[in-house]
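Coordinates in review
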Amino acid sequence: MMSAAQLQLSVFEIFDHPMKSIHDTLQQVFGLHEFRPFQQEIVEQVLDGGDAFVLMPTGGGKSLCYQLPALHRDGLAIVVSPLISLMKDQVDALLANGVRAAMYNSNLDAEEARSVLGRLHNGELDLLYVAPERMMRPGFINSLETLPLALIAIDEAHCVSQWGHDFRPEYAALGELRQYFPRVPFIALTATADPQTRDDIVNVLGLHDARLFTTSFDRPNIRYTVREKHRPQSQLLRFLRGQEGHSGIVYALSRKRVEEIAGHLNDRGYSAAAYHAGLSAQTRRDVQERFIRDDVLIVVATVAFGMGIDKPNVRFVVHYDLPRHMEGYYQETGRAGRDGLAAEALLLFGTQDVAMARYHLDQNGNDNQRRIDSHKLNSMVGFAESLTCRRRVLLGYLGEQLEADCGNCDICLDPPERYDATEAARKVLSCVYRVGQSFGVKHVVDVLRGSDNERTRKFNHERLTTYGIGREFSAAEWMSIVRQLIHRGYLIQDIAAFSVLKLTPRALGLLRAEETLELARPRVQDKPKKKRRKPGPVEDLNEDDLRLFETLREIRKQLAAEQGVPPYVIFGDVALLEMSRERPSNEDEFLEINGVGQVKLERHGAVFLEAIANDEA
Ligand code: ADP
Ligand code: ZN
C-alpha cells in the first residue's frame, strides 16, 4: 500500500505549474496522449459547471470523464459507486498515479472512516468514492454542504432505474441529492443504453439540461465467434489451447455444470476456479481477488460473476451454454478486452440448450412474462443462427446500425458456404416421419446412414424406406443438418419427451417439394490453423519482444504483490506491450509510453528501464 506520506501532496503540487491545461493533466497524471471520442467535450462541459449524461460501453473510458475535471475544479469530487470492489480498484489506480483519492464505505472500520473524514475536511482529497447508503446519511450530506465540491459523479447510473436490469433501492434515494447541491455539476455514467432506462435516469437524478454524450456501443476489439455445440468439453479445450497464459471467463448456466467444467479444466492442468451463488461469500471473494491478481487465470461461473469486476485484461469470454438474452450476452462478452486489446468471445450454440430454455419458459405461468422472455430468447437464437455479420446483428439489437460488415467475427472472417440442402433436408424430415416422430437425433441419423445396431434392429428400422438413404454424409454432418433444421423451425426437439424429434407445420412445404432450402455447409471441425501462434494482443510481437513482454509481466506481478494491488494498477498490458516493442532507453522515451505519467515514471521507471536495457534484443 502507498504510505500516508506519499499522499500528502496533490499531483498539482508535485508538478511545477499550478495552471495546467487538461491535455497536460491527461499526459502527466494519466500518462495518456489523446482523448477518446467525447472525453474532451465531457470534461469541458463539467469544467464549465454543466451537467452531463454519459452513455459509453464498458471499457469506453468513462472514469476519465470525471477524474480529470476533479483535478481541475476547486474542491472535492464525490463519486457514488454501487460496488465496493470497484471502488477499491479505482482508488488503487488513482493512488498509483499520484492522485489523492480515498473511499468511504461500510468496509472501513471506525478508525479508518474517521481518518478519511478528517482528510476530507482538511482539503487533502481530490476524489472520494462513496457508497450510496453512506452518501445519503443526513450527517454526511450536512458535512459536505460546508465544503466546496468540484462535482458529483454517479457511476453505474442505471441502478437508479426500475426499468433497468440492476435496480437498487438505495440508488433511487440519490434522487434527493440535487436539492442539497443545486449548483454542483452532476455527471451520470452508464453502459446501459436502452431508452426507457435513459429517461428514467435523467428524471430520477434531476439532471439540469444535461448534455447527453453517447458513443457507439461497438467493441471493435472483441472477436465474436459462434460454434455449433458438439462435444463442448473438447471444443473448450481446443479453444483454450490458443489462449495460454491469458485470463478469461467461462459462463455456464447451472452451478453443477460450473463445478464440472472447473474440475475438468483443473484436471487438465489449467488454472481455473468455480464461481456461483451456491458458494460461501468468503470463497467467492477469494476467487474474485485471485482472478483480479492473475493468480487464477480462468473463472468458470454462472452469470452471478462479473458485476463489479473491472479487470482490464480479460482476454476471452466463453459462453458454454446459451445466454437467456442479448442484453446479458452483450454485457458478459463486454467484460473481455476492456483495455482495448484484442479479445475473443466464443459462444457454443446447442439445439438442446434452446429446447431446454423454451421448456423452462413454458413452465412460467405469467403470460406477459412468457411473451417477453420468449421474444428475448428468439432474438438470442436468431443471433446465433445468423449467417450475416454477428456485430451487425448484435448492434442492430441494441438499436445501432453498422455501415459495413465488421471484418472481425466468424462470419466475416470465414463466410459460411451455403448450398442447396433441399434434398438432404427432405431425407431428414421424411426419416423423422418414418420413425414415428418418436426418436431423438442420434437414432434418426443412424437410420439415415444405415447403421446396423441393436436399436435399429429392435425397432425393425432397417426395413424403413429411409434406411441408409444418407450415406453421403458423415454422422457429424447429418447432426449439423438436423440442428440447422431445428434452428430454422422445421423440426422441434421435444424436451418433455426424451428430446424426440417432431415435424412442425413448416416441414410440410419442404416435404411436398413446394419450397427449397439453403443451409450452411456444416463446419464440424475447426479448420486447423496454418501456424500456431499466440493469438490476441501479442500476435504481432516478434519472439524477442515477446520474451521481454513476459519479463516485464513478471516484474509487474512482483511489484503488485509487494504493494498489495492488482498487477494492472502498476501498468496495464497496453503499456507493457508498447514497452516491449518500443524499448524506451531513457526517461523521456519512457514517458511516451501509453499509461506512463509523471508519478509512475518516478516510482517504476528505473526498474522497467533497467529490465528493458538488460534484455538483449
Ligand atoms: P469504463 O469505465 O468506461 O468501462 P474505464 O474508464 O475503466 O472504462 O477505461 C477503460 C480503459 O481505457 C482503461 O484501461 C483506461 O486506461 C483506458 N483509457 C481511457 N481513456 C483513454 C484514452 N484517452 N487513451 C487511452 N486509453 C484510455
Ligand atoms: Zn462481422
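All values reported here derive from a predicted model rather than from experimental measurement. (Residues numbered from 1 in each chain as written. Chains lettered and ligands numbered in written order. Predicted model: local features only at pLDDT ≥ 70, side-chain atom pairs only at ≥ 80, totals over all residues. Heavy atoms only, no water.)

1. Remarks on the site of ligand 1
Heads up, the rule is: Nearness is defined per residue: one heavy atom within 4 Å of the molecule or strand is enough. Residues adjacent in sequence count toward polar contacts only when both atoms are side-chain atoms; beyond that, a polar contact is any pair of N or O atoms within 3.5 Å, and within protein one must be able to donate a hydrogen and the other to accept it. Only the protein chains shown count as covering a residue, and every accessible area follows the Shrake-Rupley method with a 1.4 Å probe. Note on residue categories: nonpolar means Ala, Val, Leu, Ile, Met, Phe, Trp, Tyr, Cys or Pro, charged means Asp, Glu, Lys or Arg, and polar means any other residue, Gly included.
Taken together, 14 residues lie near ligand 1, and Glu34, Gly59, Lys62, Ser63 and Arg338 sit nearest. Taking Gly61, its main chain carries an N or O atom lying 3.1 Å from an oxygen atom of ligand 1. Protein chains shield 77% of the accessible area of ligand 1, which is 570 Å² for the free molecule. In terms of residue class, the shell around ligand 1 is made up of 3 nonpolar, 7 polar and 4 charged.

2. Details of unusual backbone geometry
What is expected of a backbone is that most residues other than glycine have negative phi and most peptide bonds are trans. Stated precisely, the cut-off is as follows: Here a strand is any run of E in DSSP of at least two residues, a helix any run of H or I of at least four, and the numbering for each starts at the N terminus. Categorising residues by exposure relies on relative accessible area from a 1.4 Å probe, with only protein chains included: less than 20% of the type maximum marks a residue as buried, more than 50% marks it as exposed, and the intermediate range marks it as partly exposed.
You will see that Arg231, though not glycine, has its phi angle at about 50°, which is positive. Position of Arg231 relative to the elements: it lies in the loop between strand E8 (222-228) and helix H12 (232-241). Given the relative accessible area of 61%, Arg231 is considered exposed. One non-glycine residue, Gln437, lies in positive phi territory at about 50°. With respect to the helices and strands, the residue Gln437 is situated in the loop between helix H20 (422-434) and helix H21 (441-448).

3. Re the confidence of the model for the chain
The criterion, for reference: Per-residue confidence from the predictor is reported as pLDDT, a score between 0 and 100. Throughout, a residue-residue contact means that at least one pair of heavy atoms, one from each residue, lies within 4.5 Å.
Here the chain averages 89 in pLDDT, and 93% of its residues register 70 or above. Long-range and interchain partners of residues 1-9, a stretch whose pLDDT sits below 50, account for 18 contacts in this model, where long-range means more than four residues apart. The model gives residues 528-533 a pLDDT under 50, and that stretch makes 5 contacts with residues more than four places away or in other chains.

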